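# Residue-level structure breakdown
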Amino acid sequence: MKKYIFKRILTSVFTLLAILLVLFVLMQLMPGSPFNDEKLNEDQVQALYAKYGLDQPIVVQFFKYVGNMLQGDLGVSYKISKNTPISQLIQTRLPISIRIGGCAVAIGALAGLLLGLVAALKHDTIIDSLATVISVIGVSVPSYVFALALSYTFGFKLGWFPMLFSQKDIFGSSILPSVSLSMFTMASIARFTRSEMLEVLGSDYMLLAESKGISGPALIFRHALRNALIPIITVLAPLIVDLMTGSLVVEKIFAIPGVGSLLVNAIQSNDYNVVISLSFIYSAMYIGIMLVVDILYGIIDPRIRLAKKGD
Amino acid sequence: MKKTKALVALVLASAMVFGLVGCGDNASAPANNNTAAASNTSAGTEATAASDLNVMLETPVESLDPQQATDGTSFEVIANYTDGLMQMDADGKAVNAICDHYELSEDGLTYTFYLRDDANWSNGTPVTAADFVFAWQRAVDPAVASEYSYMMSDIGQIKNAAEIIAGEKDKSELGATAIDEKTLQVELNVPVSYFLSLLYFPTYYPVNEEFFNSCGDTFGTSPETVLSNGAFVLDSYEPAATAFHLTKNENYYDADRVKLSGLNYQVIQDSQQALMSYQTGALDTTLVNGEQVDQVKDDPEFMAIGAGYLWYVSPNIAGVPELANQNIRMAMTMAINRDAICEDVLKDGSAPTYTAVPPQFATGPDGSDFSADQTKFSDVCAYDAAKAAEYWSTGLSELGITEITLDMIVDADDAPQKVAQVLKEQWETTLPGLTVNLVVEPKKQRVEDMQNGDFEVALTRWGPDYADPMTYLGMWITNNSNNYGFWSNAEYDAIIAECTTGALCTDAEGRWTRLYDAEKLVMDEAVIFPLYTQCNAEMLSSKVTGMQFHPVALNRVYKDAVKAE
Amino acid sequence: MSKSKTANPMEAVAAYTPVDDDFKLKDNASAIAIDENYAAQSFWKDVFIRYFRKASAVIGLFLIVLITVMAVIGPDMNEYTYSGQNLDQKNFAPRIKVLEKFGIFNGDEKMNTTTGTKTINYYKEFGLDDVEYWFGSDKFGRDIWTRTWSGARVSLIIAVAAAVIDMVIGMSYGLISGYFGGKTDMIMQRILEIANGIPRLVIVTLLLLILEPGMLTIIFALMLTEWVGMSRIARAEMLKLKEQEFVLASRTLGAGHFFIIFKEVLPNIIGPIITQVMFSIPTAIFTEAFLSFVGLGIPVPQCSLGSLISEGFNSFTTHPYQIVPPIVVMALLMLSFNLVADGLREALDPKMKEM
């Protein structure tokens, strides 16, 4: 097992390097350049390219970047916030995105579990249909529409929560964004919980447990839900990364200084270093979480471990 | 064993759900030390009637380095805490700021500026001529690669600026020298009639060398790494912040003039949220988008503010054979119903424009607006469907074809896309056989495609950099990188040369007349199809008075603003 | 199921001396397949019956058919076109004449201005008695009814095409990766990790910047990013099934790798796969909507449900009726695809038969 974990970590590092290289190549393919403002002439653009070392071959750029990255230097922004070190730019923004995304995951996962559980237990009743409708609305109304509707109702009309993010009231002003972001998670989790629960409830060991006289909450929580949780985790893991790296639209609407809007701005203004750094952080989080899930999955589910050993 | 596994699963699940983030419960976010600063300062200002003005921004600040900044937002914020030699008055004219008085030599080539004695940086050191020299040298230094260096060379015509930018001379040879601590001498290549109005442009703002060097690479990235010599002091800021604050500079030489206790900036990218915030009183001024004008047009607090940008369609004359035909171009420009675009689609007060130089920014020697008369080119640029169709069929028969398909590139923003859709509809209904496909691109890519001539028709805009028609007319000289249509006319080039570096640069009136001639050439040949001069629909609280709005350089100036309680 | 067909073998054994040929593998793959086909037929019939026994699944199917039909005929049901502008008749509230007397759809609109709420009726104001916009008109005076249905058409085409291509690519990838395991699996999973590790937004926007914008590009972009989920499920199912007896049996009988993958395993996991396709259609519609929001969706003046929603979003507080039709159609589509997916899963999964 230890050997397996070690091997997985090693390959993850190589995967990350490969991703970084792919990102570099993608940046080369990107049309436009960070410096082609209408008001610049050809010579100035060349001067800027030379200044930032963008005139060098991509391989040189890549190794330089990796070298700098190992020393914690992610380069500077070319456009969004000119010449600002990206580490400084991200330092303040990532925690905000993680906080709001984390809240959204927590709210969404809890509500989703509950909704899915109820739907499965009351399978084929009106409650089940109602839960389906709620979760479908959750996936079919875009989060920015939710965000604006929430802001209009609870911020503007009722005045319960602040409409915009503010550093002075981080808790209060995180509520509306978190809730509007959590809708999608809630809906997906509810859907998966429902189907997994249905499968587990129909399985033989549940029949056995039931015939052994176990009933009520013990049956559902100790036997059914526990087994249903494993596949749910697999679904939840990528969602966590998506949410924590920020949601562009909700950030835009609530004026949250997070990384999602930064990434989109960076792509649109060809701010290479910002795109690469943010994408890389995203990738690292994603691969990290996948790694953890894989390893734990191996511990939990003997079939997968067996399959790996069998090779 | 099985139990442990199930337990691991549960722990894992709950860790995923709860463990990662304590839902905002510990409000000690790493980034909120500014909050304290902001609230302290607002509490610190004595209990006068003065209060903070809450201002909405559409985009975050790109740079607080005056020589690196290029966008209106950054300029506005920099100007809040920095004074240059000149400042804008309510009409946009240049009046003394750091400059106490100046002398101009007879030949119009040498300015001598005498700096005021009471101007100090916020760290106590006086503002000196050396600060200007240092800043201006930075602006032309190839190592700094300032995007606005052409403000010094092509536009300001400061001696040796162009050579330094090209790397041919050392930056110390720039024609700006500190005679003594408070005297700055500037030498120009040719007389520049609008030179004083360049001096309120942030590229010309001073930077204290000693302080700059003490900041290392971090200059302009936090309140600690900027110095103020202006009306306000930056007291909370981080790069690309969505909210930041400036407080009144009590040591400002003109501190009595400043009535506000501070400025509270809030970046809001969604216009509906912005208007709702404005309605709840969280903002004192905000932008409104065209869609919302219906909601606010009866409100006395609603107003349209000139933004200066001329939006126009640029046909690729050299690259597309059909567009090289002048009749085709005439047909296209005359088929555009500019009134409908402004009144029915944009609705923000933007003015239909029928001249290559937009109105309301360049005032001539006689005090009149260069483009006040919008009908002067009405025989070549006005909405006339019948005439357009006539030109069209003439053009088509000259080309020997019956239909044309054109791709028009458009920015991915809201307003240009709306305008483009209307243009497409107007062209296709008025000009039989014309098909226009809209290609939406991010602005960066659109600019690159245009500069490479890799387009057919493009919807683009140009904002004036200084209050002279040349900021527009300079674009269409042969081989200018912003001459997107690659149009070339020897007569035109000659006129422009005459007016910039030739005989006419000291003869204000003669120059003015020749510039009209140049504009006429552009319009007669339909080099561009001007559409409208952009206005921003804004809400300004009735409590606020004295706030200045300008289409050029600094869009909003707060030095005289007063907010009643 | 084939037990009853074979005669009792025990009787023949006594009098028979085995020869070498008896121990060779019987190359009867085709016979097995025929056998399976027969079984599959009754299986599908079974599925069919089970599916239609479930009311919600039938409703879902009905809604999909209804929306598809409307997407085909809806845009031609009145005289407007999806791109035809009429700037004199912009932002008209919905009006359906036959419903007017009930006080709904009468063209009235309540507008919240900063100076108070007022009710406007442009039809009356301009004296346009004969003009009807069933769902209202947008900021260019285009008919929202026509645009909604032509948007639904575009969204459906994009979503179905993307989902089907996803299925083919993702499924094959996942099955092959899971079946061969070992080094193959390792390499294929790393490639997948790389593809998935790069933020989707980056890939999709870059792709749309490089390629000519349009429906095909969007389908291609969706395909590139959505197949990962499908391949995961296929791989997981393969890992579950490949150690099972029937695969082992097939292998012993000399079946080739691809025969096992696509003829033996695939039919057994078709349930989860189809379910996943049904779920990935709404995801595709949704992703397309997101692309529209960042301005990279279908080129104007064409529209999709997503671009209509993001257009309507801009007038959400001014003219809320403009966002309602696309959102409702989108929600109904999502709901019905989910209901169908649920119905199919239960119909396809024999384990749920008793429930």
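This one's a predicted model, so the numbers in the text were calculated from it and none came from an experiment. (Residues numbered from 1 in each chain as written. Chains lettered and ligands numbered in written order. Predicted model: local features only at pLDDT ≥ 70, side-chain atom pairs only at ≥ 80, totals over all residues.)

## Comments concerning the overall build of chain B
Looking only at helices and strands, chain B features 18 helices and 21 strands. The buried share of chain B, taken over its 565 residues, is 55%. For chain B, restricting intrachain contacts to residue pairs at least 6 apart in sequence, the fraction spanning at least 24 positions comes to 67%. (Helix = DSSP H or I, 4+ residues; strand = E, 2+ residues; numbered from the N terminus. Buried ≥ 20, exposed ≤ 12 C-beta atoms within 10 Å, placed from the backbone. Contact = placed C-beta atoms within 7 Å.)

## Thoughts on the interface of chain B and chain C
Listed by partner, the interface residues are 21 residues for chain B and 21 residues for chain C. For the side of chain B that touches chain C, the elements supplying multiple residues, two or more each, are α8 (271-280), α9 (293-296), α12 (338-346), α14 (414-430) and β15 (434-441) of chain B. Here the side of chain B that touches chain C is built from residues that sort into seven nonpolar, seven polar and seven charged. (Nonpolar A, V, L, I, M, F, W, Y, C, P; charged D, E, K, R; others polar.)

## Details of the domain arrangement of chain B
All names here are of chain B. Considered domain by domain, chain B is made up of domain 1 (32-267 + 541-563) and domain 2 (306-534). With twelve residues of domain 1 at the interface, the matching set in domain 2 holds 14 residues. Of the residues in the side of domain 1 that touches domain 2, the class split is eight nonpolar, four polar and no charged. (Domains from an automatic or database assignment.)

## Brief notes about the nonpolar core
One finds Val-275 of chain A together with Trp-136, Ala-331 and Met-408 of chain B to be the most contacted residues of the largest nonpolar core, which totals 347 residues. Not counting residues within four places of it along the chain, the set of residues in contact with Ala-331 of chain B comprises Ala-388, Tyr-391, Trp-392, Gly-395 and Leu-431 of chain B. If you look at the next biggest cluster of nonpolar residues, it comprises five residues, including Phe-35, Leu-40, Ala-47 and Leu-48 of chain A. (Core = buried A, V, L, I, M, F, W, Y, C linked by C-beta atoms within 7 Å.)

## Structural notes on the sheet that holds strand β7 (residues 183-187) of chain B
Residue and element names in this part refer to chain B. The four strands lie next to each other as β4-β5-β7-β6, forming an open sheet whose pairing is antiparallel. Two strands bound the open sheet, and with one partner strand each, they are β4 (99-104) and β6 (176-180). Neighbour to neighbour, the strand axes of the sheet diverge by 25° on average, direction disregarded. Helix α4 (residues 129-140) contacts β5 (110-115), β6 and β7 of the sheet and is inclined by roughly 165° relative to β6. (Pairing = 2+ DSSP bridges. Axes fitted to C-alpha atoms, helices over the stretch in contact; angles between N-to-C directions.)

## Structural notes on the confidence of the model for chain B
For chain B, the average pLDDT comes to 85, and 91% of its residues sit at 70 or higher. Across residues 1-48 of chain B the pLDDT falls below 50, and counting only partners more than four positions away or on other chains, this stretch makes 70 contacts in the model. (pLDDT = per-residue confidence, 0-100.)

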